[in-house]
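Structural overview
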Amino acid sequence: MTENSDLVIKDDANRLVEGWASGEVVDRQNEYVPLDAIKEAFMRFTNNGGVIMKEHSNKPVGEVTQWSVEKNDAGLDGIHMIVKVYGSGELANETWREIKSGTISGFSIGGRKLEQEVGIDDTNKQVNVLKKIELNEVSLVGEPANQYSTFEAVSLAKSYSENKSDDSNTII
């Protein structure tokens, strides 16, 4: 079980969770998605409904309510988002329980590579640079491929008008 000590549920009734969908880093699958590529893909994804799946299962359990481009605690640019987990249905209820317990601890993106090239990282290791992607889904998962795609505290009281970037996108 993957646990995330950053996950604190403050608003159980509204089932909101926030965190990072992506960060500019070579992930556990040896892939790097530049910010411009993930931002473009995320805009298309949310314009098409922004439905959130459970564990890449093609089973919808929520939706993106807001996203923005920000810097994470490591100083890396990434996609920060707020997700509402659906309030009814056994799968959504199970997913919310798993978020609260830490079994589900982050987000994972899934899609198609439209344009890629081989690059070299800071340690002289080859990496796949995904210059253009089609984002088909974002899932709630136990172990995200991108180590920065984790949850943060959830609270309805937080003001999301304080985004540090002009790249904020409210969906509802």
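Residues numbered from 1 in each chain as written. Predicted model: local features only at pLDDT ≥ 70, side-chain atom pairs only at ≥ 80, totals over all residues. Heavy atoms only, no water.

With respect to the nonpolar core
- Of all hydrophobic cores here, the largest spans 28 residues; its most connected members are Phe42, Ile52, Met81, Val138 and Leu140.
- Residue assignment for this core shows that the elements contributing at least two residues are β1 (16–23), α1 (35–47), β4 (60–71), β5 (77–85), α2 (90–101) and β7 (126–141).
- Contact partners of Val138, with chain neighbours within four places excluded, come to Phe42, Phe45, Val51, Ile52, Met53, Met81, Phe107, Ser108 and Ile109. (Core = buried A, V, L, I, M, F, W, Y, C linked by side-chain atoms within 4.5 Å. Buried < 20%, exposed > 50% of the residue type's maximum accessible area, 1.4 Å probe, protein only. Helix = DSSP H or I, 4+ residues; strand = E, 2+ residues; numbered from the N terminus. Contact = heavy atoms within 4.5 Å.)

Things to note about α2
- Relative to the 16 Å expected for 12 residues at 1.5 Å per residue, α2 spans 16 Å between its end C-alpha atoms, a close match to the ideal helical length.
- All buried positions along α2 are accounted for by Ala92, Thr95, Trp96 and Ile99. Viewed end-on, α2 has its buried residues packed into an arc of 100°, placing them on one side of the element. (Expected span 1.5 Å × (residues − 1). Arc of directions from axis to C-beta.)

A closer look at unusual backbone geometry
- Notably, Arg15 is not glycine yet its phi reads approximately 50°, a positive angle.
- With respect to the secondary-structure elements, Arg15 resides in the segment before β1.
- One non-glycine residue, Asn124, lies in positive phi territory at about 70°.
- Residue placement: Asn124 occurs in the loop between β6 (106–120) and β7.

Examining the pairing of β5
- Among the 9 residues of β5, 7 are classified as buried, and the element is accordingly described as predominantly covered.
- In this structure, the hairpin formed by β4 and β5 is closed by a connection of 5 residues, where Gly75 is found at a positive phi of approximately 85°. (Pairing = 2+ DSSP bridges.)

Concerning the environment of Gly111
- As for its position among the elements, Gly111 is in strand β6.
- Considered as a pair, Gly111 and Asn136 are 25 residues apart in the sequence and their alpha carbons are 4.6 Å apart.
- Gly111 has contacts with Glu134, Leu135 and Asn136, leaving out every residue within four places of it along the chain.

Quick look at the packing of aromatic side chains
- On inspection of all chains with the given rule, the structure shows 2 aromatic pairs.
- Ring pairing ties together the aromatic residues Phe42, Phe45 and Trp67, which thus form one cluster. (Phe/Tyr/Trp six-rings, centres within 6.5 Å; stacked < 30°, edge-to-face > 60°.)

A word on α1
- With 13 residues, α1 extends 18 Å between its outermost C-alpha atoms, agreeing within 8% with the 18 Å of an ideal straight helix rising 1.5 Å per residue.
- All of the buried residues along α1 are Leu35, Ala37, Ile38, Ala41, Phe42, Phe45 and Thr46. Buried residues of α1 fall within an arc of 155° about the axis and therefore sit on the same side. Across from the buried face of α1, at angles greater than 90 degrees, the exposed residues are Asp36 and Asn47.
- Immediately downstream of α1, the backbone of Gly49 shows phi near 120°, a positive value.

Considering the side chain of Ser68
- Position of Ser68 relative to the elements: it lies in strand β4.
- Its relative accessible area of 2% is what places Ser68 among the buried residues.
- Separated by 2.6 Å, the side chains of Ser68 and Glu70 make a polar contact. (Polar contact = N/O pair within 3.5 Å; in protein donor to acceptor, adjacent residues only side chain to side chain.)

Re the pattern of salt bridges
- Under the defined criterion, the tally for this structure stands at 7 salt bridges.
- The partner of Glu31 in a salt bridge is Lys113, and the shortest N-O contact between them spans 2.8 Å. Taken together, the positions of Glu31 in strand β2 (residues 31–32) and Lys113 in strand β6 put the pair 82 residues apart, joining distant regions of the chain.
- Between Glu90 and Arg97 there is a salt bridge, with the nearest N and O atoms lying 2.8 Å from each other.
- Under the relative-accessibility criterion, Arg97 is labelled partly exposed at 46%. (Salt bridge = Lys/Arg side-chain N within 4 Å of Asp/Glu carboxyl O.)

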